[in-house]
Amino acid sequence: MFLSLLNTRNLVIMKHWSSEQRAFAVKAYYKSNDSFVGAQRAFRRQFGLSSRNPVPSRGTIDLWVKTLKPQLARLKREVVVKKLDGLKKMCSKIIHQGLLLT
């Protein structure tokens, strides 16, 4: 009975965003100092959308950011570890060759 009372104009049609669009929205969010509105504006410019075209909502961008944050932190740690390993190798090479000036 309840379902029959729903008006089709009140139903929300979900947009499926591509991986490229999701990645761009998250990047734009961070570049605009954690601003959802800034990310939406950049999204419109990037993909040539008018003000009437749908863009990811604040909640959608927030969900993407929260989903990607742990993955970004892990990647950041991996990069730091790789850089430290390279630095250690370089230092040991310098010390081994006796090039370190004291």
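Looking up the protein in an unreviewed UniProt entry gives the name DUF4817 domain-containing protein, with the organism given as Macrosiphum euphorbiae.

Taken as a whole and judged by the stated rule, the model has five aromatic pairs. Each ring, one from Trp17 and one from Phe43, has its centre 5.5 Å from the other, and the planes form 90 degrees; the classification is edge-to-face. With Trp17 in the segment before α1 (19-31) and Phe43 in helix α2 (residues 36-46), the pair connects residues that are 26 residues apart, well separated along the chain. Taking the relative accessible area as the measure of exposure, Phe43 reaches 1% and is therefore buried. Their ring planes at 70 degrees and their centres at 5.4 Å tell us that Tyr29 and Tyr30 sit as a pair that is edge-to-face. Since its relative accessible area comes to 34%, Tyr30 is described here as partly exposed.

Conventions adopted
- Residues numbered from 1 in each chain as written.
- Predicted model: local features only at pLDDT ≥ 70, side-chain atom pairs only at ≥ 80, totals over all residues.
- Heavy atoms only, no water.
- Phe/Tyr/Trp six-rings, centres within 6.5 Å; stacked < 30°, edge-to-face > 60°.
- Helix = DSSP H or I, 4+ residues; strand = E, 2+ residues; numbered from the N terminus.
- Buried < 20%, exposed > 50% of the residue type's maximum accessible area, 1.4 Å probe, protein only.

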